[in-house]
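Summary of the model geometry
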Amino acid sequence: MASGKKGGGNGRLERVMNGRRSSKFKEAPVGPPPLVSAADPDITNLSSREEADIDKALNSDTVMDTQAVFAALYSVCEENVTFFSGGAKGTQGDAGRRLVEAMKLIQEHARSLEPVISAFAAVYHHFDFDPHIPANGYRSLVKVVRCCLLHIIHKGRYITANRRSIFFRVAHNAGEIEAYCNALCQLRALLYLAQRLLHDNSHGNLFFQDESGLSESFVREYASMHKGCFYGRCLGFQFTPAIRPCLQTIAIGLVAFGENYKRHQSGIVDAGGIAPYGVAASSIFTSGKYAIDPELRGAEFERITQNLDVHFWKAFWNITETEFLSSLASMTSTQVKVNRALSVPPVPFDLPLAANHRASVTIAPPSAHIGTAPVQMRLISYELREGQDSETLLSLSRSEGGAISLSLGLKTKRLPSSPCLLIHFHGGGFVAQTSKSHEPYLKSWSQDLGVPILSVDYSLAPEAPFPRALEECFYAYCWALRNHHLLGWTGEKVCLAGDSAGGNLCLTTSMRAAAFGVRMPDGIVVAYPATLLTAYASPSRLLTLMDPLLPLSVLSRCLNAYAGNEPQNEKQVEKVSTLSLVRRDTALLLRDFRQGASNWIQSLLDPNRASAPSSTAAETMPAAPDTPTTDTVRKSVSAASISSPHASPPVPNQPPELPGRKLSVKSKTCQDLGSQSHGIPQSSPLMSEHAVEDVSFFLSRDSDPSMSDDLSSVAIPPPAVEEGSELEHPREFPLGFEPLRSEQLAEMRMQSSPVVKDPFCSPLLAPDSMLKGLPPINIVACALDPMLDDSVMFAKRLRSVDQPVTLCVVDDLPHGFLSISHLSRETREAANICVERIRSVFNQKDTPPEPRKHRKLERTDRRELAPAVETGALLAGPIEDAEAAVGRGAKISDGEGPVAVAAQNNTDAGGIGA
């Protein structure tokens, strides 16, 4: 593999490669990294032959190709070590020595990784959903490691080709190599933990079904492991090059926002302080230093993700809700005739049962945690349809302070009602964003599908934790069924769609509809859903150590907030000064004096109180001054709602036989607030008999001898505890290796709450009886998403109970790609897959149609396409070959990098409707 030559030809090649970068899947699925860095705009690319060789090594899964990658790595490292250790040109001071040390350390890590990578390549197919769906967390980890190796190879070759130039900067290139060396060290640690998972999960399961043991060890290691290297020079190296600038912009904005947020934190909360958009505006002036100093950006990114609470993330993610950004997004997105925010009053109503239309069930308004309140929604329609401008709907509209939401400048033609409706639940980690943040792609969907879209703005945690969001989504779904004439919908076909947290709510809303006995949606389309909200470890969740959008510390805060474990109010940051200290101490003194005087007076008035047992006093003691009464009610509601973690909502034991009789059913997930505040109710005969131990998402407990033999070559047991060791926790890594550690530990509070084990919170933990009867479910996941295993395992669960399910895996894109679907062609193609899945639900076909013939989503390898067509699978591949710079599909060797791969269960996927 020859080094790149300098000369006039390289300029032409560079222009071709730069053109590829902006419009194609360059180096997909994890292809060679761009050789042009932000600090070196004049760097020329390597030859197309070299790039093709690296592409071939990356996209092939054979041991020989893996050996070729490592051989190329050893060669380029050894050559540069020899040169900078005293070659023809000699060293250049400390920078040269740093470069030599980093290259030697990379070689050391590579020698340990080579046998592990080869062994993983032989066993990770056991964890795939389907032979045509080669995707799981183990594959993703190996792919990320290989991607890191290829970046090092390319960088090493650039150094080889340019090290004699007078413009060559040794210090800059040493920093690049050191950053990837640190990343490789941390990835080595993650692969070791993945080997531990293989040892404990030996039956094709991806999750370690326990929050202690290995899951606890991973959380503990995450809290101390260094993560800044993944957020500096190496930010987003595993994703497609087209979105790396977007990720860098987000990271720079995040650290600048965090700096100003900390400075103005009390002002954001107080009425007279600076508004969140003021913090965003002031962040513009401080973002420059983070743009030019990647090390500073990485260190600050790590500090923010480890220490700031959920209220910071709520404020940052809601930047897109500000008037300026929302107006900008509105101007650049598809223009629609109807975009109206609705506020539906909390009024109970009756809905007919699906099995017996003469009987009905009462749908009570949401009441958990914050009491009854209007449910907020947004109606989006590309065309004005019958009923969407009715007086009844206008009376439900709420003003947003911007432009009018119904575009009727000229006489607008009113179309008849659509036979289909899409109900959308937005993502945001259950804590942030509204439908306004997701408007751009929802408008495009309304145009492409030709249907109205109702997006629900459910209440957010931590102010309204589980089950409030589920209650509101279910209420909105039922309200849409009853008031279809107001939405421009005939009431025929309805599909639920959502991403991330919204995907979770789509699944649980359908489960609740089944428990109520009301009409089910005709289908569900979920993108990268969260199906398991526990702290169980899995190989894909190991990627939270390096993911720029879903770090584990942030993910845990969001899940704790949804479970009700995070404080509702933001921590106030008070300036440390003499006056503030005096004020605080005086307040504490007065509070203690007032409390003591009150207790003394009460003891005089009630002598029996002093002699009362301490347990009785504890039960009757009022809430502490710093603990609001609402918190007590909130906790009691959450506890009451999960008294049986896997209980289905209460339904009458015997259905009515009299025609027209109504079934008055309360809130199915949470009892009435008034009755909940008195404590946890006793077990009811209406509750399910499933216990936590009785429900398992383990699909097979019978060990396959061939699989056990394969895994035994990779899996490793936990290290033995040394005799006489005084360590608080056993050593997690073998002797001779230790990952890099952070200077400051992350604040990780993975509180074990029974709430997250409720099947209405974690659908993956639902018993088979709750999964049977669900409508056809279409899952779109990301290969590099920490939540990938959630999708794979949930698809396996559905298939095990003969439920119709499809799984599509897109590659090279991060979690949340729908929110940036307009920024690159790759994200638009992935969003189109969601559109095609929704269209298949509306068309009510037994098999989902293939996506439109997007060039990047076509598979041209006919040898592998043929068996997929026979089973109804849809296979797609990325652009890989350097010769195909202007656009054709390319081969996928082992499925390690499918751009879009889908397969369908053999079960009929017909629509289910009432």
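Rules behind the numbers
Residues take numbers from 1 onward in each chain, read along the sequence in its written order. Thresholds applied to this predicted model are a pLDDT of at least 70 for local features of residues and 80 or more for the giving and counting of side-chain atom pairs; totals over whole chains, interfaces and linings are not thresholded and use all residues. No hydrogens and no water enter the side-chain calculation; it runs on all heavy atoms of the structure. Interaxial angles span 0 to 180 degrees and are taken between N-to-C directions of axes, which are lines fitted to C-alpha atoms, for helices over the stretch in contact. Only DSSP runs of H or I with at least four residues qualify as helices, and only runs of E with at least two residues qualify as strands; both kinds are numbered from the N terminus onward. For a crossing to be left-handed, the near helix must be turned anticlockwise from the far one by less than a right angle; the clockwise case is right-handed. Whether two residues are in contact is decided by their heavy atoms, any of which lying within 4.5 Å being enough. Residues were grouped as follows: Ala, Val, Leu, Ile, Met, Phe, Trp, Tyr, Cys and Pro as nonpolar; Asp, Glu, Lys and Arg as charged; and all remaining residues, including Gly, as polar. Patch criteria: residues need more than 30% relative accessible area and no salt bridge. Like-charged residues are merged within 9 Å; nonpolar side chains of Val, Leu, Ile, Met, Phe, Trp and Tyr are merged within 5 Å. In short, Shrake-Rupley with a 1.4 Å probe defines the accessible areas, and a residue's cover is counted only from the protein chains shown. Any carboxyl oxygen of Asp or Glu that lies within 4 Å of a side-chain nitrogen of Lys or Arg is treated as forming a salt bridge with it. Roughly parallel here means an angle under 35 degrees, roughly antiparallel means over 145, roughly perpendicular means 65 to 115, and every remaining angle is called oblique. Think of it in three bands: residues with accessible area under 20% of the maximum for their type are buried, residues over 50% are exposed, and the middle band is partly exposed, with areas taken using a 1.4 Å probe on protein chains only. Stacked, edge-to-face and tilted are the three classes for Phe, Tyr and Trp ring pairs, Trp counted by its six-membered ring, which pair at centre distances within 6.5 Å; planes under 30 degrees apart are stacked, over 60 edge-to-face, the rest tilted. Charge-over-ring contacts are defined here by two conditions on Lys NZ or Arg CZ: a distance within 6 Å of the ring centre and an angle within 35 degrees of the ring normal. Given a helix with a known number of residues, its expected span is that number minus one, times 1.5 Å. The predictor reports its confidence for every residue as pLDDT, a score running from 0 up to 100. Two strands are said to pair when DSSP picks up at least two bridges between them. Note on handedness: a clockwise path from strand one over the helix to strand two, with the strands aimed away from the viewer, defines a right-handed crossover. We define a nonpolar core as any set of buried Ala, Val, Leu, Ile, Met, Phe, Trp, Tyr and Cys residues linked to one another through side-chain atoms lying within 4.5 Å. Criterion for a disulfide: a pair of cysteine sulfur atoms within 2.5 Å.

Overview of the packing of helix α4 (residues 94-121) against helix α5 (residues 137-162)
Closest axis-to-axis distance for the α4/α5 pair is 11 Å, and the angle between their directions is 145°. Where α4 crosses over α5, the two elements pack in a sense that is left-handed. Two secondary-structure elements touch here, α4 through L99, M103, I106, L113, I117 and F120 and α5 through Y138, V142, V145, I152, G156 and I159. Of the residues belonging to the contact of α4 with α5, the class tally is eleven nonpolar, one polar and no charged.

A word on a nonpolar patch on the surface
Judged by side-chain polarity, F324, L325, L328 and M331 come together as a nonpolar surface patch covering roughly 430 Å² of accessible area. Within the fold, F324 resides in helix α14 (residues 323-332).

A closer look at the packing of helix α12 (residues 294-307) against helix α19 (residues 552-562)
Relative orientation of the contacting elements α12 and α19 amounts to 25°, with a least axis distance of 7 Å. Taken as axis vectors, α12 and α19 run roughly parallel relative to one another. By crossing handedness, the relation of α12 to α19 is classed as left-handed. Across from T305, Q306 and N307 in α12, the residues of α19 making contact are S553, V554 and R557. Residue classes in the contact of α12 with α19 are distributed as one nonpolar, four polar and one charged.

Thoughts on the pattern of salt bridges
It is possible for side chains bearing opposite charge to pair when their charged atoms get close. Within the structure shown, the criterion is met by 21 salt bridges. In this structure, D389 engages R414 in a salt bridge whose closest nitrogen and oxygen atoms are separated by 2.5 Å. A residue pair is termed long-range when its members are at least 10 positions apart, and D389 in the loop between β4 (375-381) and α15 (391-396) and R414 in the loop between α15 and β5 (418-425) qualify at 25 residues. Between R797 and D768 there is a salt bridge, and its shortest N-O distance comes to 2.7 Å. In this pair, R797 is assigned in helix α27 (residues 788-800) and D768 in helix α26 (residues 768-771), connecting sequence segments 29 residues apart. Assessed through its relative accessible area of 37%, D768 is described here as partly exposed. Counted as one network, the salt bridges with shared partners bring together E176, R233 and E295.

Considerations on the environment of G387
By secondary structure assignment, the location of G387 is in the loop between β4 and α15. Of the residues examined, G387 reaches a relative accessible area of 13% and is grouped as buried. Linking G387 and L415, residues 28 residues apart in sequence, is a C-alpha distance of 9.7 Å. Residue contacts for G387: discarding those within four places in its chain leaves L393, H485 and L486.

Comments concerning the packing of aromatic side chains
Scanning all chains against the criterion turns up 21 aromatic pairs. Between the aromatic rings of F474 and F516, the centroid separation amounts to 4.6 Å while the plane-to-plane angle is 40°, which identifies the pairing as tilted. Here F516 lies in helix α18 (residues 501-516) and F474 lies in helix α17 (residues 468-482), a separation of 42 residues in the sequence. On the basis of relative accessible area, F474 is assigned to the buried category, the value being 3%. Of the aromatic side chains, those joined through ring pairs into one cluster are F257, F312, W313, F316 and W317. Here the guanidinium or amino end of R111 rests over the ring plane of Y74, the centre of that ring lying 5.6 Å away.

Concerning α17
The first and last C-alpha atoms of α17 sit 21 Å apart over 15 residues, in line with the 21 Å expected at 1.5 Å per residue. The element α17 is largely enclosed, with a buried count of 14 among its 15 residues.

Re the confidence of the model for the protein chain
On average, the protein chain scores 73 in pLDDT, and the residues at 70 or more come to 62%. When pLDDT is averaged over each element of the protein chain, strand β8 (residues 523-527) comes out on top at 98 and strand β12 (residues 874-875) at the bottom at 30. This model gives residues 607-694 a pLDDT under 50, and the stretch forms 116 contacts once residues within four places in sequence are excluded.

Comments concerning the pairing of strand β6 (residues 453-457)
Counting buried residues in β6 gives five out of five residues, a clear majority hidden from the surface. Alternating positions in β6 separate into two faces, I453, S455 and D457 on one and L454 and V456 on the other, with burial throughout. Inspection of the sheet shows β4 paired to β6 by five bridges, in the antiparallel sense. Bridge assignment links I380 to a residue of β6, and that residue is I453. Both β5 and β6 contribute to a ladder of four bridges, which runs parallel. Looking across to β6, one finds that H424 is bridged to S455. The β-α-β motif built from β5, the intervening helix α16 (residues 439-449) and the parallel element β6 has right-handed crossover chirality.

Focus on the nonpolar core
Membership of the largest hydrophobic core comes to 223 residues, with the highest contact counts inside it found for F120, F237, L422 and W445. Broken down by element, this core gets its largest block of residues, 18 residues, from helix α6 (residues 170-200).

Observations regarding the environment of P529
Topologically, P529 is positioned in the loop between β8 and α19. Distance in space between the C-alpha atoms of P529 and L788 is 8.5 Å, their sequence separation being 259 residues. What P529 contacts, discounting residues up to four positions off in sequence, is S500, G503, N504, I779, V780, M787, D790 and S791.

Some details on unusual backbone geometry
Most of the time, phi is negative for any residue but glycine, and the peptide bond is trans. A cis amide bond links A461 with the next residue in sequence, P462, at an omega value of 0°. By secondary structure assignment, the location of P462 is in the loop between β6 and α17. Residue P467 is bonded to the preceding F466 through a cis peptide linkage, with omega at 10°. With respect to the helices and strands, the residue P467 is situated in the loop between β6 and α17. A positive phi angle, near 35°, is found at Y528, a position not held by glycine. Tracing the backbone shows Y528 in the loop between β8 and α19. Phi at D802 takes a positive value of approximately 60°, unusual for a residue other than glycine.

Comments concerning the environment of L113
As for its position among the elements, L113 is in helix α4. Residue L113 is classed as buried on the basis of its relative accessible area of 2%. Here the alpha-carbon distance between L113 and Y192, two residues 79 residues apart in the chain, equals 9.5 Å. If sequence neighbours within four positions are ignored, L113 has contacts with F70, V145, L184, R188 and L191.

Description of the state of the cysteines
One pass over the full model with this rule turns up zero disulfides. Free cysteine: C473, not disulfide-bonded; nearest cysteine sulfur from C506 at 7.8 Å.

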